Every structure is written in structure tokens, then in C-alpha cells.
Amino acid sequence: MRDLPLSTRTVVVMLLLLLLVQAVGFVIVRATVESQARQAIAGNLQVGERVWLRLLEQNADRLRQASSVLAADFGFRSAVGTGDKATIQSALQNSGSRIGAAVTALLDPGAQALVASGTADGGMADEALLRVGADLARDRGRNRIARINRVPYQFVMVPVRAPAIIGWVLMGFPIDQALADDLFRLSSVHVAVLSGTEAQRLGMVVSTLSGHEPELAEVSRSMAPDVVLGRDTYVVRHVELDTSGGVVRTVLMRSVVDAVEPYVQLQLLLALVAAGGVVLFAAGSGLVMRRVTQPLKTLTEATTALQQGNYAADLGNMARGDEVGQLARGFDRMRTSLAEQRREILQLAYWDRLTGLPNRERFREALVHAIEDSRGSAKPLAVITLNVDRFKHVNDVLGYAFGDELLKAVAERLKQQVYREGDLVARLGGDEFAILLSRTDAQGAVMLTERVARAFELPLAFDEQTVDLSASMGVACWPGDADEPDLLMSRSEIAMHAAKSKTAGVLLYSPSLDSASTQTLSLLTDLRHALQHNELRLFLQPKLDTASERVVAAEALVRWQHPQRGLVPPLQFIPFAEQTGFVRQLTLWMFEEAARHWAALQPAQGLLRIAINLSTRDLLDQDFPLRLAALLRQYGVLSSGFCLEITESAIMDDPQRAEATLNKLAAQGFKLSIDDFGTGYSSLAYLKRLPVNELKIDKSFVMGMEADESDAKIVRSTIDLAHNLGLSVVAEGVENAAVLGLLRELGCDEVQGYFVSKPLPAVEFNGWRARWESRAA
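Residues numbered from 1 in each chain as written. Predicted model: local features only at pLDDT ≥ 70, side-chain atom pairs only at ≥ 80, totals over all residues. Heavy atoms only, no water.

### Quick notes on the overall build of the chain
And step 1. Helices and strands together make up the secondary structure of the chain, namely 26 helices and 28 strands.
And step 2. Counting only residues that meet the buried cut, the chain has 48% of its 777 residues in that class.
And step 3. Here the contacts in the chain between residues at least 6 apart in sequence split such that 63% fall between residues at least 24 apart.
And step 4. In the structure as shown, the chain presents an accessible area of about 36900 Å², 53% of it carried by carbon and sulfur atoms. (Helix = DSSP H or I, 4+ residues; strand = E, 2+ residues; numbered from the N terminus. Buried < 20%, exposed > 50% of the residue type's maximum accessible area, 1.4 Å probe, protein only. Contact = heavy atoms within 4.5 Å. Areas by Shrake-Rupley, 256 points an atom, 1.4 Å probe, with all protein chains shown as cover.)

Here you go:
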């Protein structure tokens, strides 16, 4: 070497250095590629698992929607109610065939007996269907995998309500080859589904890798992380599915050879670059040496970036026409391909395809991050859940295409109203949307709901059809209403459903809306204790005959004498009792107390009627008339001594069942009265059909009739209407003698109000009546 020229020694040294660098680069790239390939496979399998579970969930959603449509069908519910098995069988088969469900069945309300099955496969085991039905009845709303005749099926079950649960519709799809092929097409992940009665005895059901059933069964039983199939090694991820009656396990696989395949060409290109470098350095060009080594360093860094999930890594100058340029372009094609696959998978997992909005999972992740960020700054945030009113009716009347356009229009109008950085609009599913407002309290959230309501005032026009938009919204705020994201979303939905049921437009969450909250559970316990320990008190408010001012009736009211809180106002517990169904016990308690006091309250001459208020739940209870009849017999009183008051809204919740109950009560001899008449939504057609004897004008009209001519006209018209229909009229809210005089002139039959008397304890009623009659005399 010493005898060689300096240039030669330089070239030799540079060539040796180049060879050394190429060798090191080759080793690094090879090791990095191998490591990245395995990590990429692990990531792909993890994403594949989410896509697999999402596919199952989409199937479950399709089943659930079809089951809900069938369960809500009036004819089907009628057939269930009458036990018409032929109609039930036909409806199950038709509904199942429309969506391709392999299993359709109807179970009884307790999910204990198979009423009818629309399954084409007569070999389905009834015991298996009943077991699935029992599991789903406990889970309430989830879907479940079950083995039937050794084949795994995905089941959902929805209740048939009328409005109580009268049965369960059960539908199921087999987990078949088409579903496995869908996963492979979406994520390039192979899948095998195995099932058996226990984990150590699994048999193959479907697989995207045919011809390897024994090896796959063995790897599933052993839960091995890798499996060799032929000359290829596959990385394995095991997914256990929640199953009734056995074990169903999914094996997700990705080929190591396929993952490394794109990099083989790169290694060949690296060898070519090395050869080119030797030639260039042989010519004595240090510049060429630098131009060769620099791209290699860039590609190595890009490989590391790709390994870390950075798909936007800079690959340098790809315009070069040499081997290094080809290598860079090959890396870039690989990078963009992986980035596109990842984007498509994330799009499926986190975005709604119809509206382009984030979906529930994406919204939940954003809410989790927002809460974490807000914990340090103590800044509030709000979640608004929005449900489009009458959306099902639009779908039924105008079709699903119009319904889709309506949802897209709702999404667009919401995006126009929510524009601050950090805020988010999402579609949770169906016609339900959610809004995340960072750095916003309840007042700010309500202001946004007002803007949204105004934005919805513009009708939607599509294909010469026009639809008015409106929505029900619920608001829940962090940290006041909930500290955890799932609970915050749940309580926002509770407020939304309450707003929808009350047609209130917007409601803020409060514990009184949530029958599962700690406060309301405590209140329910206290109410039960009050009923059992005689803490409730019967109060009576007198009613006068308008012409003679003689006491002819009294309205029964309940008061709660709490041992610590004193006399609890009705508004603090009656609405909760109606929400939870406890109002039925309160109604029976009031009727029994009134029956017990009835004889002692009767005047020397004439009859004193006692009016009892009924709730919606009372009217929907078909056994309610029998319970009242039993109390009448127990205390030896007549039904003619009672008037049962029903609000218009209570009747309209389920007009057919309410009318049936009212007919039974009328047949027993009870006088029936429509309470708060004029504030509800009933029609004259219903009023004409119902067996009512009396209308009770709401106090809001009576109290304002002295000063407001419109209220006076409403009262006059109501009295004339009632008398023309052969009904008597009671006016509540009489606060002074002038109003009493006006009502007497209009021919109102009876009045009540604070001018006559405030509600009195039942034991003080006779004393008050004696004083009133002596004053009148």
C-alpha cells in the first residue's frame, strides 16, 4: 500500500470505507425491516381485531334494527298479543328473509319458552335458542355469540312492548365464510373461526386459509403466538368471543413473508447502490461517495420513522434516476400504501360514512382527552346529545333516501353552529348526534342549543318534499353532572330522552331525570318507607256547587310528613313517583284512605264525592279496576261516591288501553273527569268516545279570566262545549269572589280554589265544612 500512489490508496481506503458503510447499512436495514415487519404485523392484527369486532357489531346493528322494526310493527304486536302463531311465524320468516337472517324466533316475556320460530332450518335446537334468549334478556341490549348445531351464530334480541314487554324477538346470523372474507378484504388479515364445547376441543368453522385446518386448530388450542403453515410463518392474535353454550375463538393471522416481501426488492436495490458506489468511488469522486451514503442514511431514518408510525417521513430527493432514487421511490410507495391502508381502517373505525362526522368511538376518545386536559385547568365542558324528532316517521313515509338526506342536512347545520377550536360534532348512530363543547358551562351549552333550534327552523326540501326539522336535546356538564366520560354521555342521553318525552326541546340533566342515580334511589327507598310507616297524609280541597255554594265534593291530595324534613311538597316526589312507577302504589293508598274516611265525611243530607287523581301508569294497568273494586268491597262504600280525574296527556300516551280501562271504571259506576282540560293534545273525537262525565278547566285559564279577555273566552267556550256534550264543568283556581261570580254567570257547575279553601287534612274537613255552612247561612 505504501508504494501505491496516494490517489490509489485514497480510492482503496474510500472503497473499503464504502464497503464497510454498505455492510453496516445492509445489516441495519435488514434488522430494522425485520423488526418493523413484525411490529407492523402486530399493529395490523390489532386493527384487524377492531375491524372484526366492528363487522360483528355492524351485523348485530342490522339484526337489531330489523328486530326493532318487527317488534314495533302493530300487526306483529297484535299477533303476539292474541297468540296467533301462524301470523307470528309468517312475520318472523318474512323479516328474516329480508335481511338474510338464518334464525328468527319469538320468546315469551320471561325468555323461558319458545313461542314460534321463523327459522328455515328445522334442526335448530330449541334449547339452544332458549339459552341464548335467557342470556340476552339478562344482558339487555347486547349481542351474543352462541353455538347451535356446532355452528356459531350471532344473536340479538329486542323486546316486543305493548307497552309492557309481551315477548322477545330473537334474530341471528351465522358467522360464515363471507364475514371472514370481508375482514380479509378490508384489512388483509387472514382469519379462522373455531368453535367447540370447550377450549381444548375446537373444530374449524370458517377460514381464509384453506387446507391448514389441523394446524390452525392446534394453534388455537395452544394459544401460540406463531404458526408455520407450509414454508411461511404467520404471526397470530387470538380473540375470544363472548359465547353461550361453548367456546368460539377467532384466530387472526398475518404472513411474515408477505410483510417482508416489499423489503426484499429494497435489499437488492441496496446491493446495486453499493455496486454503483464502488464504481463511483473507483473514479475518485468524493462527491459521489457523499451522494451515495446520504440517501442511505435518509432511507434508514425513514424506515425508523415508519416503524414508529410516522407515515409522513421525508424520503429526500426522489427525482434522481439512479438506483438510490428507485430505492427512495420504492420506500415512498410502500409508505403511502401503508398510510392509505391505515387511513381507510381508521376511517372505518372512527368516522361515520353517511355524514362524514366522527362516530361514537371517536367522540368518546375526544371526550376522554378533553376531560383529561380540563382536570388540570379546572375548566368545565359540556356534552349535548341531540335526537331528530319524527325521524322514524320521515323514513316510513318518505323513504330511507330522504332520511339519509335529512341526516346529512342535520350534520351540516350542526357543523355550521359548532365552529370553535376544541369543539366537536359527532353522529352517535341512527338519528342521534352529540356535541362536545370545551371550556363551556351549562349556560353556554343552553345558548348553543338555542342557536341549533333556530338553525333547524328552516325546512328541508328534497325531491319536491319539504320537512320541518326539530330536535330534542339533553345537556350534561363536567364535572358537575359526572366525572367520567361514559357516565357524562349517558346522563346527557338521559336528559335528551326526558326532553323528547316531555316535548321540552332542551333539558339539563338533573338526578330527578335518572331513576338509577343515588339520589333517586334514596328517594324511592324513602317513599317505600313512608308508605309502610304511615308518613303519608290525606288532604282534601273542597269543591262548591256554584249556584248554592254548598260543599258537594272534595279533591283528595297526598302530603308527605317526613320525620326529619317536615311536610314535603308534592312536586318534590310526585313526578319521581310517576317516572319510576311508584305512583301506582300512591294512587291505591289515596283511594284506600279516601274509602276509609268516606263514611265519616258524608253530610247529613246529600252525597260528598271524593275525587282521586289517576296517572298514566294507572290507566295502563289492566288490573287497576279490579283493585278499586276490591277496596270498595273492603270498606263497604259505593263507586258513585268517587270521581276519578285523568289528565289529557295520560289518555293520549296509549289511547286504546286508556279507553279500555276507562270503560271498565265507568261500568263499575265511577264518575270520570278530564283534569286540566285545555292544556293537553286530545281531540274532540277522543273526548266524544271516552265515557267521561265531567271536564275540569285548568286553573291557568280561570285565574286569568278576570283580567284577560282571551282566558275568559276560553273558559266560556269550554263550559258551552261541555254542556253541549252533556258533561258537567269544574273550574279550579278560584282565587276571589269576582272570579266565582263570573263562573256563576257562565253556568259553571262546580268550583274549587284558595278562595274557597286551601287543601285541609282529612280530619279537619268536617270542622271547616261546618264553619263554611254556618257562614253561608
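### Here's the deal with the sheet that holds strand S11 (residues 247-255)
And step 1. What the five strands build is an open sheet, ordered S7-S6-S11-S9-S8; its pairing is antiparallel. Bordering the open sheet on either side are strand S7 (203-207) and strand S8 (226-229), each of which pairs with just one other strand. Across the sheet, the mean angle from the axis of one strand to that of its neighbour is 35 degrees, orientation sign disregarded.
And step 2. Where strand S9 (residues 232-241) and S11 come together, eight bridges link them in antiparallel fashion. By the bridge assignment, Val236 is partnered in S11 with Met253.
And step 3. Across the face of the sheet, helix H6 (residues 213-222) comes into contact with strand S6 (190-196), S7, S8, S9 and S11 while running at roughly 170 degrees to S8. (Pairing = 2+ DSSP bridges. Axes fitted to C-alpha atoms, helices over the stretch in contact; angles between N-to-C directions.)

### Focus on the nonpolar core
And step 1. Ranked by internal contacts, the top residues of the largest apolar core, which has 76 residues, are Phe591, Ile610, Phe642, Leu644, Leu665, Phe670 and Leu743.
And step 2. Among the elements that line this core, the one with the most residues is helix H17 (residues 583-601), at nine residues. (Core = buried A, V, L, I, M, F, W, Y, C linked by side-chain atoms within 4.5 Å.)

### Description of the pattern of salt bridges
And step 1. By the definition in use, this model includes 22 salt bridges.
And step 2. Ionic pairing is found between Arg609 and Glu750, a salt bridge with its closest N-O pair at 2.9 Å. Placement of Arg609 in strand S22 (residues 609-614) and of Glu750 in strand S27 (residues 750-752) is noted, with a sequence separation of 141 residues between them. This pair shows no difference in class: Arg609 is buried, exactly as Glu750 is. (Salt bridge = Lys/Arg side-chain N within 4 Å of Asp/Glu carboxyl O.)

### Some points on H17
And step 1. Between the first and last C-alpha of H17 there are 25 Å, a value that for 19 residues agrees with the 27 Å anticipated at 1.5 Å per step.
And step 2. At Ala595, H17 shows its largest bend, some 30 degrees. (Expected span 1.5 Å × (residues − 1). Bend = angle between axes of the 7 residues up to and from the residue.)

### Brief notes about the packing of aromatic side chains
And step 1. For the structure shown, the criterion picks out six aromatic pairs.
And step 2. With a centroid separation of 6.1 Å and an interplanar angle of 40 degrees, the aromatic rings of Phe765 and Trp768 are classed as tilted. Of this pair, Phe765 and Trp768 both sit in helix H26 (residues 765-776), three residues apart, which is roughly one turn of that helix.
And step 3. These aromatic residues form a ring-pair network of at least three members: Phe591, Phe642 and Phe670.
And step 4. Here the basic side chain of Arg559 rests over the ring of Phe539, its NZ or CZ set 5.6 Å away from the ring centre. (Phe/Tyr/Trp six-rings, centres within 6.5 Å; stacked < 30°, edge-to-face > 60°. Lys NZ or Arg CZ within 6 Å of the ring centre and 35° of its normal.)

### Considering the sheet that holds strand S14 (residues 432-438)
And step 1. Taking strand neighbours across the sheet as the criterion, the five strands line up as S13-S14-S12-S17-S18 in an open arrangement whose pairing is mixed. Of all strands in the sheet, those with a lone pairing partner are strand S13 (424-429) and strand S18 (506-508), marking the two edges. The average angle at which neighbouring strand axes cross in this sheet is 20 degrees, direction not considered.
And step 2. Here strand S12 (residues 381-388) pairs with strand S17 (residues 471-478) via eight bridges, running antiparallel. Opposite Thr385, over in S17, you have Gly474 as the bridge partner.
And step 3. Most of the contacts of helix H10 (residues 360-377) go to S14, to which it runs at about 20 degrees, and overall it touches S12, S13, S14 and S17.
And step 4. Along the sheet face, helix H14 (residues 485-501) touches S12, S13, S14, S17 and S18 and points at about 145 degrees away from the line of S17.

### Some thoughts on H6
And step 1. For H6, the set of buried residues is Leu216, Ala217, Val219 and Ser220. When H6 is viewed along its axis, its buried side chains cluster within an angular range of 165 degrees and face the same direction.
And step 2. Buried-residue contacts for H6 involve S6, S7, S8, S9 and S11.
And step 3. Backbone geometry just downstream of H6 places Met223 in the positive-phi region, at approximately 55 degrees. (Arc of directions from axis to C-beta.)

### Comments concerning the environment of Ser90
And step 1. Position of Ser90 among the secondary structure elements: in helix H3 (residues 85-99).
And step 2. Take Ser90: its relative accessible area is 34%, and that puts it in the partly exposed class.
And step 3. In the structure, Ser90 is positioned 14 residues away from Phe76 in sequence and 9.7 Å away in space, judged by C-alpha atoms.

### Things to note about unusual backbone geometry
And step 1. Ala162 connects to Pro163 through a cis peptide bond whose omega is -15 degrees.
And step 2. Checked against the element boundaries, Pro163 lands in the loop between strand S4 (151-161) and strand S5 (165-174).
And step 3. A cis amide bond links Trp478 with the next residue in sequence, Pro479, at an omega value of 5 degrees.
And step 4. Of note, Glu549 is a non-glycine position whose phi angle comes to about 55 degrees, a positive value.
And step 5. Following the sequence through the fold, Glu549 ends up in the loop between strand S19 (536-545) and strand S20 (551-562).
And step 6. Relative accessible area serves as the criterion here: at 26%, Glu549 is assigned to the partly exposed category.

### A word on the confidence of the model for the chain
And step 1. In the predicted model, the chain carries a mean pLDDT of 82, and the fraction of residues at 70 or more is 88%.
And step 2. The secondary structure element of the chain with the lowest average pLDDT is helix H8 (residues 286-307), at 66, and the one with the highest is S27, at 96. (pLDDT = per-residue confidence, 0-100.)

### Focus: the packing of helix H2 (residues 74-82) against H3
And step 1. Orientation of H2 relative to H3, taken along the N-to-C sense of each, is 140 degrees, at an axis distance of 8 Å. With respect to their mutual orientation, H2 and H3 come out oblique. As for the relative orientation of H2 and H3, their crossing is left-handed in sense. Across the interface between the two elements, Phe76, Ala79 and Val80 of H2 pack against Thr87, Ile88, Ala91 and Leu92 of H3.
And step 2. Residue composition of the contact of H2 with H3, grouped by class: six nonpolar, one polar and no charged. (Parallel < 35°, antiparallel > 145°, perpendicular 65-115°, else oblique. Left-handed = near helix turned anticlockwise from the far one by under 90°. Nonpolar A, V, L, I, M, F, W, Y, C, P; charged D, E, K, R; others polar.)

### A look at the pairing of S5
And step 1. The buried fraction of S5 is high, at seven of 10 residues.
And step 2. Sheet topology note: the strand S1 (residues 103-107)/S5 ladder contains five bridges and is antiparallel. For Thr104, the partnering residue across the bridge sits in S5 and is Met171.
And step 3. Sheet topology note: the S4/S5 ladder contains nine bridges and is antiparallel. Pairing of Tyr153 across the sheet is with Pro174, part of S5.

### Examining the packing of H17 against helix H19 (residues 624-635)
Helices that pack against each other are described as a pair by the angle of their axes relative to one another and the distance between those axes.
And step 1. One way to put it is that H17 packs onto H19 with a least axis distance of 10 Å and a crossing angle of 25 degrees. One way to sum up the angle between H17 and H19 is to call them roughly parallel. With respect to the hand of their crossing, H17 and H19 are arranged in right-handed fashion. Contacts from Thr587, Leu588, Phe591, Glu592, Ala595 and Arg596 of H17 reach H19 at Phe624, Arg627, Leu628, Leu631, Leu632, Gln634 and Tyr635.
And step 2. Its residues placed into classes, the contact of H17 with H19 shows eight nonpolar, two polar and three charged.

### Describing the pairing of S8
And step 1. Only one face of S8 is buried: it carries Val227 and Leu229, and the other face, with Asp226 and Val228, is open.
And step 2. Summarising the sheet, S8 and S9 pair through four bridges and their orientation is antiparallel. For Val227, the partnering residue across the bridge sits in S9 and is Tyr234.
And step 3. The hairpin turn running from S8 into S9, its antiparallel successor, is two residues long, and Gly230 in that turn takes a positive phi close to 70 degrees.

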